[in-house]
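Letter by letter, the chains look like this.
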Amino acid sequence: MTFLSVNIDHIATIREARRTNEPDPVTAAAICELAGAHGITIHLRGDRRHIQDRDVKILRQTVKTKLNIEMAATEEMIGIALNVVPDQVTLVPELPGEITTTGGLDCTRNEQAIVSAIKRLQSNNINVSLFIDPAEPQIRAALGLGARTIELNTAVYSDATLTNHETKERIEALGAVKQAAELAHSKNMIVLAGHGLTYRNVRAIASIPAIVELNIGHNIIARAALVGLERAVRDMVALL
Ligand code: PXP
């Protein structure tokens, strides 16, 4: 069985669209946990476009499974993590203005910043995961930097599944994730994966034995908006 950590950023995106107080990611996290999620993931961005500092603080107290915070390895973010002490921090690259995380961390560069972040977080009992592309040099570099957990970026595979055909790109992208997962697993790393996974493309990734946990956000929240819409309209009509 593959574990599921639900990324609830886009519950906060809906709230921030009106700068109001609902939907509350804290409530969403509880619902995800009651439904069987094995973890809750949030990305605290430098621009605070969705998750807010208040969410991080309250979720630390309320999440009963595993709280994973995605963040850039900046001084500000590492300070917040050391203060909040989530179960796990996933270090991701963050580009100003990007719609979503666009690629994995380049572990062959910025080594100093990554190593320092890993050491400070690990020495405070926070598990550190590095979000990296499924490529051998990145896995070897991540290992050299002291990472014990990695999250393989499935974005290329996910993009290749947007058409429903079994294309060459799709087969190659899946092969790259599988190969990377097996290499990391053979080095005793804990292998997670995610980005762009959907109800249609997830099974091929979930069937890779070396991958123990998937991190899925947008497609789950997208489905929730649609499967919940009929009930929401009925509830409003009943009030009128
Ligand atoms: N993993 C990482 C590192 C991410 O940045 C994201 C997006 O926040 C995800 C997984 C989840 O991606 P998606 O929302 O496309 O499921």
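How each quantity is defined
Residues numbered from 1 in each chain as written. Predicted model: local features only at pLDDT ≥ 70, side-chain atom pairs only at ≥ 80, totals over all residues. Heavy atoms only, no water. Helix = DSSP H or I, 4+ residues; strand = E, 2+ residues; numbered from the N terminus. Salt bridge = Lys/Arg side-chain N within 4 Å of Asp/Glu carboxyl O. Axes fitted to C-alpha atoms, helices over the stretch in contact; angles between N-to-C directions. Parallel < 35°, antiparallel > 145°, perpendicular 65-115°, else oblique. Left-handed = near helix turned anticlockwise from the far one by under 90°. Contact = heavy atoms within 4.5 Å. Nonpolar A, V, L, I, M, F, W, Y, C, P; charged D, E, K, R; others polar.

In this structure, Gly228 sits in the loop between helix 10 (218–227) and helix 11 (229–239). In this structure the C-alpha to C-alpha distance between Gly228 and Ser207, which are 21 residues apart in sequence, comes to 29 Å.

Below, the discussion takes up the pattern of salt bridges. Throughout the structure, instances matching the rule amount to 18 salt bridges. Between Arg15 and Asp55 there is a salt bridge; the shortest N-O distance is 2.7 Å. Linking Arg15 in helix 1 (residues 9–17) with Asp55 in helix 3 (residues 53–62), this pair joins segments that are 40 residues apart in sequence. Three or more residues joined by partner-sharing salt bridges are found here, namely Arg15, Glu16, Arg19, Asp24, Arg54 and Asp55.

For any two helices packed against each other, one specifies the inter-axial angle together with the distance between the axes. Remark: helix 6 (residues 136–144) packs on helix 8 (residues 168–186), axes separated minimally by 10 Å, with the N-to-C direction vectors making an angle of 25 degrees. Relative to helix 8, helix 6 is oriented roughly parallel. The element helix 6 and its partner helix 8 pack so that their crossing is right-handed. Contacts from Glu136, Ile139 and Arg140 in helix 6 reach Ala180, Leu183 and Ala184 in helix 8. Classifying every residue of the contact of helix 6 with helix 8 by side-chain character gives 4 nonpolar, no polar and 2 charged.

It is worth stressing that arrangement in space is one thing and function is another; only the former is reported here.
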